[in-house]
Amino acid sequence: MVRWPQLLDAAPESERAAVEEMGQVVCGLALEHTLQVAKAPPLNSRRRQAGGDWQPRDLARSRSRGALHAERLPQLSRLALEAWAELAGTTAPEQAPLTATSIGRAVFPSALHESWKRSAPSPRSPSAAGRE
């Protein structure tokens, strides 16, 4: 998750004014659209048809609110993509499922699984036996 409001100071004044005009919700949608077009996440890059088959989606041709406003924020979008890349390059800290920086947070699902496995009692432990 990118904390995009932290990036506003580095954006041009014209884009800060655009964010003020469109509001934080729409700005968030615009930046999300930019990330989706750039990164093409599998669940957003296709849609299920009525018959159950999957059809590819051309996110760049979207007419959503985010898509319509994304072109107004080229520098802020670039900053958000750079922040995303920085977060994507982080490694999971030991004994924690996430890392947080001034620009955002990265969650590591495998670390969540590992911490659950470490905290779960083994089937042969006394605490597990009492649950039977």
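Residues numbered from 1 in each chain as written. Predicted model: local features only at pLDDT ≥ 70, side-chain atom pairs only at ≥ 80, totals over all residues. Heavy atoms only, no water.

## Some words on the overall build of the chain
Short version of the rule: Runs of E in the DSSP output that reach at least two residues are strands. Runs of H or I that reach at least four are helices, and both are numbered from the N terminus. Burial status follows relative accessibility: with a 1.4 Å probe on protein chains alone, a residue under 20% of its type maximum counts as buried, one over 50% as exposed, and anything between as partly exposed. Contacts are assigned to residue pairs with any non-hydrogen atoms lying within 4.5 Å of each other.
In terms of regular secondary structure, the chain is built from six helices and four strands. Its helices and strands in sequence order give the chain the pattern α-α-β-β-α-α-β-β-α-α, from N to C terminus. The buried share among the 132 residues of the chain stands at 28%. A fraction of 54% describes how many contacts in the chain between residues 6 or more apart in sequence connect residues 24 or more apart.

## Some thoughts on the environment of R3
Counted only if it meets this: For the purposes of these results, a polar contact is taken to be a pair of N or O atoms within 3.5 Å, where, inside protein, one atom must be able to donate a hydrogen and its partner to accept one; residues adjacent in sequence count only when each atom of the pair is a side-chain atom.
Structurally, the position occupied by R3 is in the segment before α1 (13–22). Of the residues examined, R3 reaches a relative accessible area of 27% and is grouped as partly exposed. It is 8.7 Å that separates the C-alpha atoms of R3 and A83, two residues lying 80 residues apart in sequence. Ignoring anything within four residues of it in the chain, the contact list for R3 reads A100, T101, S102, I103, G104 and R105. Engagement of the side chain of R3 in a polar contact is seen with the backbone oxygen of T101, the distance being 2.4 Å.

## Structural notes on the pattern of salt bridges
Once their charged atoms are close, side chains differing in charge can pair, the charge on each being opposite to the other. Applied cut-off: Take a side-chain nitrogen of Lys or Arg and a carboxyl oxygen of Asp or Glu: if they are within 4 Å of each other, that pair is a salt bridge.
The tally for this structure, following the rule as stated, stands at three salt bridges. Of the charged contacts in the structure, one is a salt bridge between R72 and E21, with a shortest N-O distance of 3.4 Å. With a gap of 51 residues between them, R72 in the loop between α3 (65–70) and α4 (74–88) and E21 in helix α1 connect regions that are remote in the sequence. Residue class for R72 comes out partly exposed when judged on its relative accessible area of 30%. Salt-bridge contacts for R78 lead to E82; the nearest nitrogen and oxygen are separated by 2.7 Å. Remark: E82 and R78 occur in helix α4; sequence separation between them is four residues, near one turn of the helix. The class of E82 is partly exposed, set by a relative accessible area of 43%.

## Some details on helix α2 (residues 24–39)
A turn of α-helix holds 3.6 residues, and therefore any two residues three or four places apart point the same way. The condition is simple: Expected helix span is computed as 1.5 Å times (number of residues minus one).
The end-to-end C-alpha separation of α2 is 22 Å, in line with the 22 Å expected for 16 residues at 1.5 Å each. Buried within α2 we find V26, C27, A30, L31, H33, T34, L35 and Q36. The inward-facing, buried residues of α2 abut α1, α3 and α4. A40 occupies a position one or two residues after α2 and carries a positive phi of about 45°.

## Remarks on a nonpolar patch on the surface
Under the convention used in this document: The patch calculation keeps residues exceeding 30% relative accessible area without a salt bridge and links them within 9 Å when they carry like charges or within 5 Å when they are nonpolar (Val, Leu, Ile, Met, Phe, Trp, Tyr). Note on areas: these come from Shrake-Rupley sampling with a 1.4 Å probe, and a residue is covered only by the protein chains present in the view.
A grouping of L98, V107 and L112 is seen on the molecular surface, where their side chains present a nonpolar patch of about 250 Å² in accessible area. When you line up the elements, L112 lands in helix α5 (residues 109–119). The class of L112 is partly exposed, set by a relative accessible area of 41%.

## Observations regarding the side chain of Q36
If you trace the backbone, Q36 turns up in helix α2. For Q36, a relative accessible area of 16% translates into the label buried. Apart from the residues within four sequence positions on either side, Q36 is in contact with P41, N44 and L59.

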